[in-house]
Amino acid sequence: MPQRKSQRRQQILEALAEMLEANPGDRITTAKLAERVGVSEAALYRHFPSKSKMFEGLIEFIEDSLFERIALILREQPAASARCEHMLGLLLSFVEHNPGISRIMTGDALAGENLRLHQRVVQLFERYETQLRQVLREAELHEGLRPVLPLPVAANLLMASAEGRMTQFVRSGFRRSPTADWPTQLAFLLEGFFREVPRPLRDDQGEPRPEPGAP
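Residues numbered from 1 in each chain as written. Predicted model: local features only at pLDDT ≥ 70, side-chain atom pairs only at ≥ 80, totals over all residues. Heavy atoms only, no water.

Enquirer: Got a minute to help me understand the UniProt feature "domain: HTH tetR-type" (unreviewed entry) in the protein in this structure?
Expert: Residues given the UniProt feature "domain: HTH tetR-type" (unreviewed entry) here are residues 6-66. Spanning residues 6-66, this segment combines 79% helix with 0% strand, and its end C-alpha atoms are found 22 Å apart. (UniProt positions renumbered as here; feature names shortened; annotations may be inferred. Helix = DSSP H or I, 4+ residues; strand = E, 2+ residues; numbered from the N terminus.)

Structure representation (structure tokens):
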């Protein structure tokens, strides 16, 4: 019985994502969703106490899908530039393969919904940007590289570039691919993005030497 209940919840979430994709710009009602799933509205509410909880279920899917993959990227890619490239590419590829869900990520599907859902999406992207900042911070420690821009500004620039393409994708009714020409644009963006951090001079015993002219 618990397995059947889990399968029905998954079916409801998949139907909601499909309707968001098939009806861009439209607000999804529980009556239409129940009809799509082939159950009564009362049956929907046995699995989710509200439509907000259904949206939260999709947001949890987004979080799990993205951050599990980010953990893998961090293990497999040692260089900061490669990490940034894969993390931003992951975001755009995920959006392209999940058009309906992309409407949640841009807030388009959440118009008129509970404010908590908007805040949850904001937190998702803040977490993503925080992860980018951490990647850039570790670049200085492990590679001797530092963004030319202040670190928070540099991370926000990368994030804003990807989010802009996501918004264009949704606004175009899913016709404008978020990944088309992205590698070329990202390569241009990362050109000169980092600079080497000067290493302190050290004496024969490995101790830092004072800078010339220092007292």
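Enquirer: Hey, could you run me through the nonpolar core in this one?
Expert: One recurring pattern in soluble globular proteins is that nonpolar side chains are buried together. Membership of the largest hydrophobic core comes to 59 residues, with the highest contact counts inside it found for L33, L66, L91, I104, M105 and Y128. Elements with a contribution of two residues or more to this core: helix 1 (2-22), helix 2 (30-37), helix 4 (51-76), helix 5 (80-97), helix 6 (99-105), helix 7 (115-143), helix 8 (151-171) and helix 9 (182-190). In this view, L91 contacts L66, M105, F125, Y128, M159, A162 and M166; residues no more than four positions away in its chain are not counted. (Core = buried A, V, L, I, M, F, W, Y, C linked by side-chain atoms within 4.5 Å. Buried < 20%, exposed > 50% of the residue type's maximum accessible area, 1.4 Å probe, protein only. Contact = heavy atoms within 4.5 Å.)

Enquirer: Please clarify how the packing of aromatic side chains should be interpreted in this entry.
Expert: Each aromatic ring pair is characterised by the separation of its centres together with the angle its planes make. Evaluation of the coordinates by the stated rule reveals four aromatic pairs. Centre to centre, the rings of F169 and F174 are 5.3 Å apart; their planes meet at 45°, and the pair counts as tilted. Between F193 and F194, the aromatic rings sit 5.2 Å apart at their centres with planes inclined by 75°, giving edge-to-face as the arrangement. Across the pair, exposure class does not vary: F193 and F194 are buried alike. Seen from the ring of F67, R127 lies directly overhead, with NZ or CZ sitting 3.6 Å from the centre. (Phe/Tyr/Trp six-rings, centres within 6.5 Å; stacked < 30°, edge-to-face > 60°. Lys NZ or Arg CZ within 6 Å of the ring centre and 35° of its normal.)

Enquirer: What should I look at first to understand the packing of helix 5 against helix 7 in this one?
Expert: Helix packing geometry: the angle between the two helix axes and the distance between the axes. Their axes nearest at 9 Å, the elements helix 5 and helix 7 cross at an angle of 165°. Our classification of the angle between helix 5 and helix 7 gives roughly antiparallel. Crossing of helix 5 against helix 7: the hand is right-handed. Residues A80, R83, C84, M87, L88, L90 and L91 of helix 5 touch helix 7, and the partners they reach there are F125, Y128, Q131, L132, V135, L136, E138, A139 and E143. Along the lines of polarity and charge, the residues of the contact of helix 5 with helix 7 split into twelve nonpolar, one polar and three charged. (Axes fitted to C-alpha atoms, helices over the stretch in contact; angles between N-to-C directions. Parallel < 35°, antiparallel > 145°, perpendicular 65-115°, else oblique. Left-handed = near helix turned anticlockwise from the far one by under 90°. Nonpolar A, V, L, I, M, F, W, Y, C, P; charged D, E, K, R; others polar.)

Enquirer: Which parts of the structure should I look at to understand the UniProt feature "DNA-binding region" (unreviewed entry) in the protein?
Expert: UniProt records the feature "DNA-binding region" (unreviewed entry) at residues 29-48, using the numbering of this structure. Span residues 29-48 is 75% helix and 0% strand, its end C-alpha atoms 14 Å apart.

Enquirer: Even after reading the chapter, I still don't get the packing of helix 4 against helix 5, so can you show me in this structure?
Expert: At a closest axis distance of 10 Å, the pairing of helix 4 and helix 5 adopts a crossing angle of 155°. For the element pair helix 4 / helix 5, the angle class is roughly antiparallel. Of the two elements, helix 4 crosses helix 5, and the hand of that crossing is right-handed. The residues of helix 5 that touch helix 4, namely those facing F61, I62, S65, L66, R69, I70, I73 and L74, are R83, H86, M87, L90, L91 and F94.

Enquirer: Teacher, can you tell me more about the environment of L33 here?
Expert: Here L33 shows up in helix 2. A residue is classified by how much of its surface remains accessible, and L33, at 0% relative accessible area, is buried. Through-space distance from the C-alpha of L33 to that of I12 is 7.8 Å; in sequence the pair is 21 residues apart. Discounting residues that sit within four places of it in the chain, L33 has contacts with I12, A15, L16, M19, I28, L44 and M54.

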